[in-house]
Amino acid sequence: MQVTGNINRYENENFPIEMPDPIEAIKFQMEQMGMNQKDLAEVVGYKSRVSEILNKKRKLTLDMIRKLNTNLHIPTEVLVQDYK
């Protein structure tokens, strides 16, 4: 199966798939799970900040990242990325 390994390496080198933006990943997962902002507030624990987070006006905290990883099953590698 050397051919498969060569194909995967070629694709990874020439057509890398970038990780999604953390906030877009949260929005996507919320949509997939049928969640609204109130539901997300119950997960992260900050009702007043959910809108700011989703509009990228407030950064995710480590505690929020842990809760999002556990409850929405978003990989921490995605959530810890810097975003603007």
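What this report covers is the structure whose coordinates are included nearby. All figures in this text were calculated on a predicted structure; none of them were measured in a lab.

**What to know about the overall build of the chain**
A tally of helices and strands in the chain yields 6 helices and 0 strands. For the chain, the C-alpha radius of gyration of 16 Å lies well beyond 12 Å, the compact-globule estimate for 84 residues. Per-residue burial for the chain yields a buried fraction of 27% across its 84 residues. Here the chain displays about 6,200 Å² of accessible surface, and carbon together with sulfur accounts for 50% of that area. Computed over 12 positive and 12 negative side-chain charges, the inter-centroid distance for the chain is 9 Å.

**Brief notes about the packing of helix α2 (residues 22-33) against helix α5 (residues 62-72)**
Interhelical geometry of α2 versus α5 gives an angle of 35 degrees and a closest axis separation of 12 Å. Note on packing geometry: the crossing formed by α2 with α5 is left-handed. Residues Ile-26, Gln-29, Met-30 and Met-33 of α2 touch α5, and the partners they reach there are Leu-68, Asn-71 and Leu-72. Taken together, the residues of the contact of α2 with α5 break down into 5 nonpolar, 2 polar and no charged.

**Considerations on α5**
For α5, the complete set of buried residues consists of Met-64, Ile-65, Leu-68 and Leu-72. What you see down the axis of α5 is that its buried residues fit within an arc of 100 degrees, all on one side. The exposed residues of α5 that point more than 90 degrees off its buried face are Leu-62, Arg-66 and Thr-70. On the buried face of α5, the contacting elements are α2, α3 (37-44), α4 (50-54) and α6 (76-79). Note on α5: the residue one or two positions beyond its end, His-73, has a positive phi of about 60 degrees.

**Here's the deal with the pattern of salt bridges**
Close approach of charged atoms allows side chains with opposite charge to pair. Per the counting criterion, the structure on display carries 5 salt bridges. Note that Glu-24 is salt-bridged to Lys-27, the shortest N-O span being 3.8 Å. On the criterion of helical spacing, the pair formed by Glu-24 and Lys-27 is a turn pair, its members being 3 residues apart in helix α2. Relative accessible area serves as the criterion here: at 34%, Lys-27 is assigned to the partly exposed category. One salt bridge in this structure joins Asp-82 and Lys-59, with 3.3 Å as the shortest N-O distance. With a gap of 23 residues between them, Asp-82 in the segment after α6 and Lys-59 in the loop between α4 and α5 connect regions that are remote in the sequence. Take Lys-59: its relative accessible area is 44%, and that puts it in the partly exposed class.

Analysis parameters
- Numbers given for residues are sequential positions, taken from 1 along each chain in its written order.
- Residue-level local features of this predicted model are given only where pLDDT is at least 70; pairs of side-chain atoms are given and counted only at 80 or more, and the full residue set underlies all totals for whole chains, interfaces and linings.
- For the side-chain quantities, the full set of heavy atoms in the structure was used; hydrogens and water were omitted.
- The way it works is that DSSP assigns letters per residue, a run of H or I at least four long becomes a helix, a run of E at least two long becomes a strand, and they are numbered from the N terminus.
- Using C-alpha atoms as the atom set, the radius of gyration is obtained and then compared with a globule rule of 2.2 Å times the number of residues to the power 0.38.
- Burial here depends on accessible area, computed with a 1.4 Å probe over protein chains only, as a share of the maximum for the residue type. Under 20% is buried, over 50% is exposed, and the range in between is partly exposed.
- Values of accessible area rely on a 1.4 Å probe in the Shrake-Rupley scheme; residue burial ignores everything except the protein chains shown.
- Neither His nor the chain termini are counted; the positive set is Lys and Arg, and the negative set is Asp and Glu.
- One atom stands in for each charge, and that atom is NZ of Lys, CZ of Arg, CG of Asp or CD of Glu.
- Note on geometry: axes are lines fitted to C-alpha atoms, helical ones only across the stretch in contact, with angles between N-to-C directions running from 0 to 180 degrees.
- A crossing counts as left-handed when the near helix is turned anticlockwise from the far one by less than a right angle, and as right-handed when that turn is clockwise.
- Residue contacts are counted whenever heavy atoms from the two residues lie within 4.5 Å of one another.
- For this classification, the nonpolar set comprises Ala, Val, Leu, Ile, Met, Phe, Trp, Tyr, Cys and Pro, the charged set comprises Asp, Glu, Lys and Arg, and every other residue, Gly included, is treated as polar.
- As used here, the arc belongs to the directions running from the helix axis to the C-beta atoms.
- Counted as salt bridges are all cases of a side-chain nitrogen of Lys or Arg within 4 Å of a carboxyl oxygen of Asp or Glu.

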